[in-house]
Each structure stands twice: as structure tokens, then as C-alpha cells.
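One letter stands for each residue in the lines below.
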Amino acid sequence: MSIWFRSFSLEELNLRGKNTLSDFMGIEFIEIGKNTLTATMPVNERARQPIGILHGGANVVLAETVASTAANMVVDISKQYCVGLEINANHIRSIREGTIKAVTTPIHLGRSTQIWEIKIFDEAKKITCISRMTASVLTR
């Protein structure tokens, strides 16, 4: 059984981020699972810090983008919407180039809050960052 409120397409999710920070960073949603959402982001000049490795803030942008999108997919967006309330990230492994992949899964889906875990992997499928985001569920 799927956790999503309704069926979403990858095209719909990717169009939703057009002309936003996620578009600027090159974030692309690539998979919608029964209880997971997956997105990728290139590690390029927009995402690196001056010493040449992926900026920790770029990890957080990817993590919050994928978790916030997932949070909004489990509510009736005509009646409610979700926004990030808190996010943390542990940067485990540095990366200089390539593409990273974020996979988010729910920890808690409540009436007023949701908690999402986000794991970010490099192309070798090694974990580079683990994050947790709390979302507030608000009424329109």
C-alpha cells in the first residue's frame, strides 16, 4: 500500500520545481516508490565550496527538497500543505564531482507534524550524508 495521497508523476514533480532553487541546483526527481521518493543532484560549480568539495548546504538543499516534496505528497494539498520546521545533516563522506542521489522515507506521519529521513549516496552507492527533516502540516 502506498503512502501517497494520490498518484503523482515524475514529470509533475520536476515541473513543480521549475525556476526555483531546486531547478538552479539541477535537482531531478527520478523515482517514486511505495514509501520513498528519490532525487538526484549534480556535484558541480553551483554545489561546491571554495576548496572543491560538495558544500554541506547543498546536501541540505537536496535533502529538504526531496523531504518537503514527499511531505506534500502525503496530504490533500487542496486542504493542507507542509513546510520544513527543522532539518539536520551529518556529512559523512566528501565528494568532488559526479551525481548524488537522495532517498527519503517517512519516520512519522502525524496530523500536525511529519518526520522524514533522507540518505544521500554517491555514484558508488556509498552514503555521503544522512539527514532528518521535521515538517509542519498546515491548513490552507
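Residues numbered from 1 in each chain as written. Predicted model: local features only at pLDDT ≥ 70, side-chain atom pairs only at ≥ 80, totals over all residues. Heavy atoms only, no water.

K.L.:
Outline the sheet that holds strand β5 (residues 113-121), supporting the account with residue identities and numerical values.
P.N.:
Ordered in space as β1-β2-β4-β5-β6-β3, the 6 strands form an open sheet in which the pairing is antiparallel. Either end of the sheet is taken by a strand with one partner, and the two such strands are β1 (28-32) and β3 (80-91). Averaged over all pairs of adjacent strands, the angle between strand axes in this sheet comes to 25 degrees, irrespective of strand direction. Examined bridge by bridge, β3 and strand β6 (residues 127-139) share 11 bridges and lie antiparallel to one another. Within β6, the position partnered with Tyr 81 by the bridge is Leu 138. (Pairing = 2+ DSSP bridges. Helix = DSSP H or I, 4+ residues; strand = E, 2+ residues; numbered from the N terminus. Axes fitted to C-alpha atoms, helices over the stretch in contact; angles between N-to-C directions.)

K.L.:
Go over the nonpolar core, please, and point to the residues and values.
P.N.:
Within the largest apolar cluster, 33 residues are counted, with the highest numbers of intra-cluster contacts made by Leu 37, Met 41, Leu 54, Leu 62, Ile 100, Ile 118 and Ile 120. Mapped by element, the contributors of at least two residues to this core are β2 (37-43), α3 (56-73), β4 (98-109), β5 and β6. For this core, the element with the most residues is α3, which contributes 8 residues. Setting aside residues no more than four positions away along its own chain, Met 41 makes contact with Met 25, Gly 26, Ile 27, Ala 47, Leu 54, Ala 58, Leu 62, Gly 98, Thr 99 and Ile 100. (Core = buried A, V, L, I, M, F, W, Y, C linked by side-chain atoms within 4.5 Å. Buried < 20%, exposed > 50% of the residue type's maximum accessible area, 1.4 Å probe, protein only. Contact = heavy atoms within 4.5 Å.)

K.L.:
A description of α3 should follow, citing residues and the corresponding values.
P.N.:
Since the α-helix advances by 3.6 residues per turn, residues separated by three or four positions end up pointing in the same direction. For α3, which comprises 18 residues, the first-to-last C-alpha distance of 26 Å matches the rise-based estimate of 26 Å (1.5 Å per residue) to within 8%. With 14 of 18 residues buried, α3 lies mostly within the body of the structure. (Expected span 1.5 Å × (residues − 1).)

K.L.:
Let's hear about the pattern of salt bridges: which residues, and what values?
P.N.:
When the charged atoms of two side chains with opposite charge come close together, those side chains can pair. Across all of its chains, the model carries 1 salt bridge by this definition. When the shortest N-O distance is used, the salt bridge between Glu 12 and Arg 6 registers 2.4 Å. Glu 12 sits in the partly exposed class, given a relative accessible area of 32%. (Salt bridge = Lys/Arg side-chain N within 4 Å of Asp/Glu carboxyl O.)

K.L.:
Describe the packing of aromatic side chains, naming the residues involved and giving the relevant values.
P.N.:
The description of an aromatic ring pair uses the distance of the two centres, along with the angle that the planes make with each other. Counted according to the given criterion, the structure contains 1 aromatic pair. An angle of 0 degrees between the planes, with centres 6.4 Å apart, marks the rings of Trp 4 and Trp 116 as stacked. Separated by 112 residues along the polypeptide, Trp 4 in the segment before α1 (10-16) and Trp 116 in strand β5 bring together distant segments of the chain. When sorted by exposure, Trp 4 lands in the same class as Trp 116, which is buried. Directly above the aromatic system of Phe 24 lies the positively charged group of Arg 46, at a separation of 4.2 Å from the ring centroid. (Phe/Tyr/Trp six-rings, centres within 6.5 Å; stacked < 30°, edge-to-face > 60°. Lys NZ or Arg CZ within 6 Å of the ring centre and 35° of its normal.)

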